[in-house]
Amino acid sequence: MNLEYFSMSGPAYPLPLIAVILSCSIALIGLICAVLLPSRRKIRDWQATHCLVTGGSSGIGKEVVRNLIRRGAKEITIVARNKAKLSAAQKEFTTYARSRPNQSSAPTVIHVLSLDLSLDFGVIEESINKHVAETSAITNLFLCAGSALARVATDTPPTSYHSMMSSNFYTCTTLIKILLPSLAASGTSSNPSSILITSSAAGQIGIYGYTAYSASKFALKGYSDALRLELAGKACNLTIAFPPNTDTPGFEEENKGKPEVTKYIEDGAGLWTAESVGDGMVDAVAKGYGFKYFGVDGWMLHNVTAGMGEVDNVGDFVVQVFFGGLLRFIGICYGWMFRGIAKKAAK
Ligand SMILES: CCCCCCCCCCCCCCC[C@@H](O)[C@@H](N)CO
């Protein structure tokens, strides 16, 4: 080999050297990713699924159900408390399923289950088991139920911490405890079962006015990081989603009494439609992604808060390993800005 070719003396010579170094680095990163990143299993046959969706009668959950119908899910069970809302949703979804274009399979069968997920574990377990016995085993779990309270700590009643944990966190842990054994057993490598947990962008960053809400959504992140390890080697995918503000009836409700500082900070990430969030979440589940974030802010937040969590694609691996410092710097600047806003409001 003519070493002069690589000498740094001429202006054109470094180029081949840079190209070699770049190709070797890309090959090395590719190799590391291929060996270390968990392999993603796609859901290929929705016609073999029975999806259980919590909060499926309105907001993001409703859009999740509509998306599953369009994908041709065989059965969907919607769990919610309000019987009237449930039966209206069942009617609406059944009509939607029958009118789905390009039907190559039977329309989705819609079941409803009226259940208060804050009840005792035993009561919920009995009701779910009875429903499964009357229908079929649940293969895909979509945990979309939840609520938000936006109050500063001094205005947050102690009971609200319990109610936030109850509606956002325990609803998930209870259903996963009941259904995990059958979910793990029903998945195969060509058609894995799946669990979707809905956290929030406020489950990645503590936001002014969300002491109780952020805490309950952060809890889901810790829980899912631990659960992901338990699922290693099982044909059951776990996806956790971190939506920003979403235009739903629940959002309208939470805005009543929300501190102005909270509104100002969260408005920065925009207001997403329930349809785009619901579709995005089901798409991530279908593709077997471990994490679902929304927009550029979501992308930055996900990568800057990755910590010791798993990486599920090459892009995130490269960003977290090589640009982590830069993102952290941007994060610190955002932090200064949020602090400045809160200080100004305090005055
Ligand atoms: C490294 C860069 C970091 C970028 C930070 C961007 C911050 C964006 C803050 C987004 C807040 C969204 C909060 C969502 C709250 C909803 O879950 C809640 N309102 C429920 O409806």
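Reading guide: rules and limits
- Residues numbered from 1 in each chain as written.
- Predicted model: local features only at pLDDT ≥ 70, side-chain atom pairs only at ≥ 80, totals over all residues.
- Heavy atoms only, no water.
- Phe/Tyr/Trp six-rings, centres within 6.5 Å; stacked < 30°, edge-to-face > 60°.
- Helix = DSSP H or I, 4+ residues; strand = E, 2+ residues; numbered from the N terminus.
- Lys NZ or Arg CZ within 6 Å of the ring centre and 35° of its normal.
- Disulfide = S-S within 2.5 Å.
- Buried < 20%, exposed > 50% of the residue type's maximum accessible area, 1.4 Å probe, protein only.
- Contact = heavy atoms within 4.5 Å.
- Core = buried A, V, L, I, M, F, W, Y, C linked by side-chain atoms within 4.5 Å.

Per an unreviewed UniProt entry, the protein chain is named 3-dehydrosphinganine reductase, and its organism is Triparma verrucosa.

> I'd love a proper account of the packing of aromatic side chains, names of residues and values included.
The tally for this structure, following the rule as stated, stands at five aromatic pairs. Between Trp-272 and Phe-294 the ring centres are 5.6 Å apart and the planes differ by 70°, which places this aromatic pair in the edge-to-face class. Taken together, the residues Trp-272 in strand S8 (residues 272-273) and Phe-294 in the loop between strand S9 (291-293) and helix H10 (295-304) connect sequence positions 22 residues apart. Cluster of aromatic residues (ring-pair linked, three or more members): Phe-169, Tyr-170 and Tyr-223. If you follow Arg-66 out to its NZ or CZ, it ends over the ring of Tyr-96, 4.4 Å from the centre.

> So what about the state of the cysteines? Which residues, and what values?
For the structure shown, the criterion picks out zero disulfides. Left unpaired, Cys-172 is separated from the closest cysteine sulfur, that of Cys-144, by 9.0 Å.

> Describe the side chain of Thr-49, listing the residues and the values that go with them.
Within the fold, Thr-49 resides in the loop between helix H1 (14-36) and strand S1 (50-54). Here Thr-49 falls in the buried class, since its relative accessible area comes to 3%. Excluding its chain neighbours within four sequence positions, the residues that come into contact with Thr-49 are Ala-73, Lys-74, Glu-75, Thr-139 and Asn-140.

> So what's going on with the nonpolar core? Residues and values would help.
Among the nonpolar cores identified, the biggest contains 29 residues, and Ile-128, Leu-141, Ile-176, Ile-195 and Ile-197 are the most heavily contacted of them. Listed by contribution, the elements that provide at least two residues to this core are helix H4 (121-134), strand S4 (140-143), helix H5 (158-186), strand S5 (193-198), helix H6 (211-230) and strand S6 (236-242). With 28 residues, the next largest nonpolar core counts Ile-110, Cys-144, Val-277 and Val-282 among its residues.

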